[in-house]
Amino acid sequence: MIKVDNMKKVYQTGEIMFEALKGVSLHIEKGEFVSIIGPSGSGKSTLMNILGCLDNASDGEYCLDGNTVKNMSDDAISELRNEKIGFIFQSFNLLPKLTAVENVELPLIYGKQSNKKRKEMAEKALSLVGLGDRMDHKPNEMSGGQRQRVAIARALVCEPAIILADEPTGNLDSKTTEEVMAILKDLNKLGNTIIVVTHEPEIAEQTSRVITVRDGNIVSDVRQVG
Ligand SMILES: Nc1ncnc2c1ncn2[C@@H]1O[C@H](COP(=O)(O)OP(=O)(O)OP(=O)(O)O)[C@@H](O)[C@H]1O
Ligand SMILES: [Mg+2]
């Protein structure tokens, strides 16, 4: 599903070059549930952004479900991203003026579905995360955990094969963290490939493979009973 070969990422700020990824190689198969851990600044989000086709690598190869990203046009990359990947962020990134169901419909706007179909798909995704009774609430009318579930529903609504979550529970209490993890586990059981960046050992413990990044390198990659 995901094949990365000797990937490097150099950021340039003015005159200063910084190598955030120093040659990362990684294979992730369909249906894996992977956590990425490591100190702040080690390159976790940089790696996730490249895996999610939100940013380009400076060097190396990235092959996403058989597509070599380097050779593709920006439009083709956007299409691939929309089709294959759902994102969940730490800060939820919901639009405050839209209701839950409208927020979840957003990724579908580029698709060909009718308004009615879009709404149905959004309602289905919200029901799946247990928010069937909060469809018309705005973000400020919901708890942190409910907002993150809206964000998860938005990540799911296009039925992506891969879900990338960058510290999805960073802003949540432990009970809500468990709820979010339970949803991710269910999605994984349904066959979704899930990659989650986390600072929390309790989260990494619940995944079937833990990758540790340090100073721009993968320093360990351990499979475990999830
Ligand atoms: N756009 C950018 N321009 C310049 N440097 C950047 C940029 N984005 C990240 N960096 C640098 O690259 C390094 C890796 O950043 P990254 O965000 O990947 O770390 P991280 O492992 O996700 O950290 P955290 O756990 O704090 O989220 C850091 O030293 C950061 O300062
Ligand atoms: Mg980060």
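Structure's up top.
Everything numeric in this text was worked out from a predicted model, so none of it was measured. (Residues numbered from 1 in each chain as written. Chains lettered and ligands numbered in written order. Predicted model: local features only at pLDDT ≥ 70, side-chain atom pairs only at ≥ 80, totals over all residues.)

**Some remarks on the overall build of the protein**
Argument step 1. Assigned secondary structure in the protein consists of seven helices and ten strands.
Argument step 2. Taken against the 2.2 N^0.38 rule, which gives 17 Å for 226 residues, the C-alpha radius of gyration of the protein at 17 Å falls within 12% of a compact globule.
Argument step 3. Along the first, second and third principal axes, the C-alpha set of the protein runs to 45 × 40 × 35 Å.
Argument step 4. In the protein, buried positions account for 38% of the 226 residues.
Argument step 5. Sequence-distant contacts, at least 24 apart, represent 69% of the contacts inside the protein between residues at least 6 apart. (Helix = DSSP H or I, 4+ residues; strand = E, 2+ residues; numbered from the N terminus. Rg over C-alpha atoms; globule rule 2.2 N^0.38 Å. Buried ≥ 20, exposed ≤ 12 C-beta atoms within 10 Å, placed from the backbone. Contact = placed C-beta atoms within 7 Å.)

**Overview of unusual backbone geometry**
Argument step 1. Here the phi dihedral of N6 falls at roughly 50 degrees; this positive angle occurs in a residue that is not glycine.
Argument step 2. Tracing the chain through its elements places N6 in strand β1 (residues 2–13).

**Observations regarding the pairing of strand β4 (residues 59–64)**
Consecutive side chains along a regular strand alternate between the two faces of the sheet.
Argument step 1. As judged from the five bridges shared by β1 and β4, these two strands associate in the antiparallel manner. Paired with I2 across the two strands is L64, which belongs to β4.
Argument step 2. As judged from the two bridges shared by β4 and strand β5 (residues 67–68), these two strands associate in the antiparallel manner. Directly across from C63, in β5, lies its bridge partner T68.
Argument step 3. Counted between consecutive antiparallel strands, the loop separating β4 from β5 contains two residues, among which D65 sits at a positive phi close to 50 degrees. (Pairing = 2+ DSSP bridges.)

**Let's talk about the site of ligand 1**
Argument step 1. Surrounding ligand 1, one finds Y11, T13, F18, A20, G38, S40, G41, S42, G43, K44, S45 and T46.
Argument step 2. For the shell around ligand 1, the secondary-structure elements that each account for two or more residues are β1, β2 (16–28) and α1 (44–51).
Argument step 3. Top element by residues in the shell around ligand 1 is α1. It accounts for three residues.
Argument step 4. When its residues are assigned to classes, the shell around ligand 1 shows three nonpolar, eight polar and one charged. (Near = placed C-beta within 6 Å. Nonpolar A, V, L, I, M, F, W, Y, C, P; charged D, E, K, R; others polar.)

**Describing the pairing of strand β10 (residues 217–223)**
Argument step 1. With six bridges joining them, strand β9 (residues 209–214) and β10 adopt antiparallel strand pairing. Across the sheet, I211 pairs through a bridge with D221, a residue of β10.

**Side note on helix α4 (residues 115–128)**
Argument step 1. Taking 1.5 Å per residue as the helical rise, α4 with its 14 residues ought to reach 20 Å, and the 20 Å between its terminal C-alpha atoms agrees with that figure.
Argument step 2. Buried within α4 are the following residues: R118, M121, A122, A125 and L126. One face of α4 carries all of its buried residues, which in axial projection span an arc of 135 degrees. Among the exposed residues of α4, those oriented more than 90 degrees off its buried face are K116 and K117.
Argument step 3. Residues of α4 that are buried make contact with α3 (100–105) and α5 (144–156).
Argument step 4. G130 sits one or two positions beyond α4 and adopts a positive phi of about 80 degrees. (Expected span 1.5 Å × (residues − 1). Arc of directions from axis to C-beta.)

**Description of the sheet that holds strand β6 (residues 85–89)**
Sheets are built from strands paired through backbone hydrogen bonds, the pairs being either parallel or antiparallel.
Argument step 1. Taken in spatial order, the six strands of this open sheet run β6-β7-β8-β3-β9-β10, and their pairing is mixed. Each edge of the sheet is formed by a strand with only one pairing partner; in this case those strands are β6 and β10. Strand-to-strand twist in this sheet, taken as the mean axis angle between neighbours without regard to direction, amounts to 15 degrees.
Argument step 2. Sheet contacts for α5: β6 and β7 (162–166); angle to β6, the most-contacted strand, approximately 165 degrees. (Axes fitted to C-alpha atoms, helices over the stretch in contact; angles between N-to-C directions.)

**Structural notes on the nonpolar core**
Argument step 1. Ranked by size, the top nonpolar core spans 56 residues in total, and within it V104, A125, L126, I152, A153 and L164 carry the most contacts.
Argument step 2. Sorting elements by how many residues they give to this core places α5 first, with six residues.
Argument step 3. Beyond its immediate chain neighbours, meaning those up to four positions away, I152 contacts I88, V129, V180 and I183. (Core = buried A, V, L, I, M, F, W, Y, C linked by C-beta atoms within 7 Å.)

Any link to function would need more than the numbers given here.
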